Amino acid sequence: MKEHKLLTKRFGEIDPFSIEDFVNVGGYETLKKAMKMTSEEIIYEVEASRITGRGGANFPTYMKMRAMSKETGDMYLVCNADEGEPGNFKDKHLMEKDPHQLIEGMLISAYAVGANRGYIYIRGEYQSAVYLLEHAINEARKHGYLGQDICGKDFHFDLEVRQGAGAYVCGEEFALLESIEGKPGRTRVKPPFPTEAGLFMKPTLINNVETFSTLPHIIEMSGEEYGKLGSSFASGTKLISLSGNVKHKGLYEVEYGTTIRQVIEELGGGVSNGQKINMVQLGGACGPIIPEHLLDMDIDNERFEIFNSKMGAGAIIVIDDRFDLFEILLRTMTFFAHESCGKCAPCREGHIQIVKLLQKFYDTKVTYKDYESLVSLANVIHETALCGLGQTSTTSILATVEFFQYYYQQRIRQSERREWAL
Amino acid sequence: MQIIDVLKKYPASQTSLLEILLEIDRLKDNHYISKEEVHMISEYLGVRTSHVYSVLTFYTLLSTEPRGKHIIQVCKDIPCYVNDAFDVRKTLEKMLNMSVGQTSRDGLFTLEETACIGCCDEAPAMLIDLEPYTNLTRDKIERILASYREVTL
């Protein structure tokens, strides 16, 4: 099996600092093509491509664009480059290796929906991406791709980089918008959605780096052609950040329909030094942990819904048999306890209790009652949290209760025996 | 550069707050925002000091307490953890003779933990002043620390 390189095809071929390199391989030509189309034609192509948001939520991109195109007055375009989901590094590579691809994608979107101001919100930890994007924006401005009368037409659009300052929750769309407004990154209650009242309460189209970066390819090859890539469930290609205990960690671009096992074994070269795969975490810290025998699932999001979960942003973290399930869960949940913004009670208080319960599992001092509390609490946070952070944070617990029930039971029995022995 | 020069670079509206805080933090050798600076920022932007503090204390890259000249952030998330054969955090704690959250006595280093820094394909990894150092080994960490000490001496 091979990679299908679309978004990554220019990686290493062009100098990311050089707009000339990008233009020489056909860069910004798709923008010119798009500017000969009407707004509705562009959105139609996006609809035909069946592309969904690549940041993890998988909302159909055309629906946001269509909602925006009906709005009038001031509106904004925001690129979510606050990639903080543990195990993901695709957006970093997209920004550091082909920054103009992202700018071109944002320009096409801005033209289609009628926005003339945009922000790229990059996490503060990604200083080289910040530097590269700022450089690329300046270059694009000098060459007439940003600013007034772009490509000699009556189309004005300008971009600005904004930095995050180390808050995972700012990857959530409303928390991110609040952060740009100069506030703590705490989410808002939905609805209204960002396309109705987003940044500065104006209509805002917010997409992930990968989603924007895909748009030029959709317009270039037509939505219908792009839609033929992938599987019947999800179209196109997906960037997979492969990490953990594999021989060849790295970024791979594959078509939807590829199985997780193919990515791990054929692209990643399998597990290192004779160990066995014990667990695989999908999507990142907010994703499910699955056992080895489920790896023949493909990376399609819809099929993941069988497990009440999604592929998310595309991380695959391989964990071999040297590691204990409960130390992994404890680390994951400690992360969420720290990153909760504190706005809603289930997330703020719930994660603290979950960490305490998991510590008991880790220490082999757990009772069946603790297990019941853990499962109930995980469900409550999942059902009642205000934003995506709490709604997805306990996926790893809910999935392992299903697929690794044996470990839970074993740890409870070990604890009982330990108690009797004392 | 003076704090007032930093402020003047930005439009006097609340939306500049985070950028201003980040720039002042990076400008200062002890990487923190003092009470006086909070007042200056609040006056310049026309927002309450309580609002400046709410932002300042929300984000982990910012601090209200003085820190070391160089800030070391060790990744604590799963992709680094499962590739960490020698315990990066403990190694650093030993070499610097302090624990996470502390600043060395010479004021040169502050040791912190960080969430994933997107270097999972080159794990284990850490940041020093937001510059990534990857594929860490004990020897490599020793060399990196030595290079920071040398530059400063």
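Definitions and cut-offs
Residues numbered from 1 in each chain as written. Chains lettered and ligands numbered in written order. Predicted model: local features only at pLDDT ≥ 70, side-chain atom pairs only at ≥ 80, totals over all residues. Heavy atoms only, no water. Helix = DSSP H or I, 4+ residues; strand = E, 2+ residues; numbered from the N terminus. Buried < 20%, exposed > 50% of the residue type's maximum accessible area, 1.4 Å probe, protein only. Areas by Shrake-Rupley, 256 points an atom, 1.4 Å probe, with all protein chains shown as cover. Lys, Arg positive; Asp, Glu negative; His and termini not counted. Charge placed at Lys NZ, Arg CZ, Asp CG, Glu CD. Domains from an automatic or database assignment. Contact = heavy atoms within 4.5 Å. Buried area = accessible area lost by both parts, 1.4 Å probe. Salt bridge = Lys/Arg side-chain N within 4 Å of Asp/Glu carboxyl O. Polar contact = N/O pair within 3.5 Å; in protein donor to acceptor, adjacent residues only side chain to side chain. Nonpolar A, V, L, I, M, F, W, Y, C, P; charged D, E, K, R; others polar. Core = buried A, V, L, I, M, F, W, Y, C linked by side-chain atoms within 4.5 Å. Pairing = 2+ DSSP bridges. Axes fitted to C-alpha atoms, helices over the stretch in contact; angles between N-to-C directions.

1. A word on the overall build of chain B
Consideration 1: Tallying secondary structure elements over chain B gives seven helices and four strands in all.
Consideration 2: By principal-axis analysis of the C-alpha atoms, chain B measures approximately 50 × 35 × 25 Å.
Consideration 3: Scored against the burial criterion, the 153 residues of chain B give a buried share of 55%.
Consideration 4: For chain B, the accessible surface area stands at approximately 7,300 Å², while carbon and sulfur atoms represent 48% of it.
Consideration 5: One way to put it: in chain B the 17 positive side-chain charges average out to a point 3 Å from where the 23 negative ones average out.

2. What to know about the domain arrangement of chain A
Many authors give the size of an interface as the accessible area that is lost as the parts come together.
Residues and elements named next belong to chain A.
Consideration 1: Split into domains, chain A comes out as domain 1 (19–228), domain 2 (237–320) and domain 3 (325–421).
Consideration 2: Inter-centroid distance (C-alpha atoms) of domain 1 to domain 3 is 36 Å.
Consideration 3: Listed as interface residues are eleven residues of domain 1 and, on the opposing side, nine residues of domain 3.
Consideration 4: In terms of surface lost to domain 3, no three residues of domain 1 exceed Tyr-168, Arg-186 and Thr-187, which account for 56% of the buried area on that side.
Consideration 5: The interface formed by domain 1 and domain 3 contains zero salt bridges.
Consideration 6: Linking domain 1 to domain 3 there are three residue pairs in polar contact (both at pLDDT 80 or more).
Consideration 7: Per-class residue counts for the side of domain 1 that touches domain 3 are five nonpolar, three polar and three charged.

3. Some words on the interface of chain B and chain A
Consideration 1: Each partner contributes to the interface: chain B provides 32 residues, whereas chain A provides 51 residues.
Consideration 2: Together chain B and chain A conceal approximately 3,300 Å² of surface at their shared face, both sides included; 56% is due to carbon and sulfur atoms.
Consideration 3: Considering only the side of chain B, the residues that lose the most area to chain A are Phe-58, Ile-78 and Tyr-81 of chain B, jointly responsible for 19% of the buried surface there.
Consideration 4: On inspection of chain B and its partner chain A, the count reaches zero salt bridges.
Consideration 5: Our count for the chain B to chain A interface comes out at 19 residue pairs in polar contact (both at pLDDT 80 or more).

4. Details of the nonpolar core
Consideration 1: Core analysis: the largest hydrophobic core is formed by 87 residues, its most contacted members being Ile-328, Leu-358, Ile-397 and Tyr-408 of chain A together with Leu-21, Ile-41 and Tyr-59 of chain B.
Consideration 2: The element that contributes the greatest number of residues to this core is helix H13 (residues 325–339) of chain A, accounting for eight residues.
Consideration 3: Those residues in contact with Ile-328 of chain A that sit more than four places away from it in its chain are Met-279, Ile-289, Ile-319 and Phe-323 of chain A together with Ile-78, Tyr-81 and Val-82 of chain B.
Consideration 4: Ranked by size, the runner-up nonpolar core spans 61 residues in total, among them Tyr-28, Leu-102, Ala-112 and Leu-239 of chain A.

5. Some remarks on the domain arrangement of chain B
Consideration 1: Taken domain by domain, chain B holds domain 1 (3–56) and domain 2 (70–152).
Consideration 2: Between domain 1 of chain B and domain 2 of chain B, the C-alpha centre-to-centre distance is 28 Å.

6. Some details on helix H2 (residues 17–27) of chain B
Consideration 1: Burial within H2 of chain B is extensive, with nine of its eleven residues counted as buried.
Consideration 2: All of the buried residues in H2 of chain B are Leu-17, Leu-18, Glu-19, Ile-20, Leu-21, Leu-22, Glu-23, Ile-24 and Asp-25 of chain B.
Consideration 3: Looking at the buried positions of H2 of chain B, the neighbouring elements they touch are strand S2 (117–122), strand S3 (158–163) and helix H8 (173–180) of chain A together with helix H1 (3–8), helix H3 (35–45) and helix H4 (49–56) of chain B.

7. Describing the sheet that holds strand S3 (residues 126–128) of chain B
Residue and element names in this part refer to chain B.
Consideration 1: Here we have four strands laid out as an open sheet, ordered S2-S1-S3-S4, and mixed in their pairing. Only two strands of the sheet have a single partner each, and these edge strands are strand S2 (109–114) and strand S4 (131–133). In this sheet, neighbouring strand axes are inclined to one another by 25° on average, regardless of whether the strands run parallel or antiparallel.
Consideration 2: Bridge count between S3 and S4: three bridges; the pairing is antiparallel. Within the sheet, the bridge partner assigned to Met-126 lies in S4 and is Tyr-133.
Consideration 3: Sitting on the sheet, helix H6 (residues 88–96) touches strand S1 (70–75), S2 and S3, and the angle it makes with S1 is about 150°.

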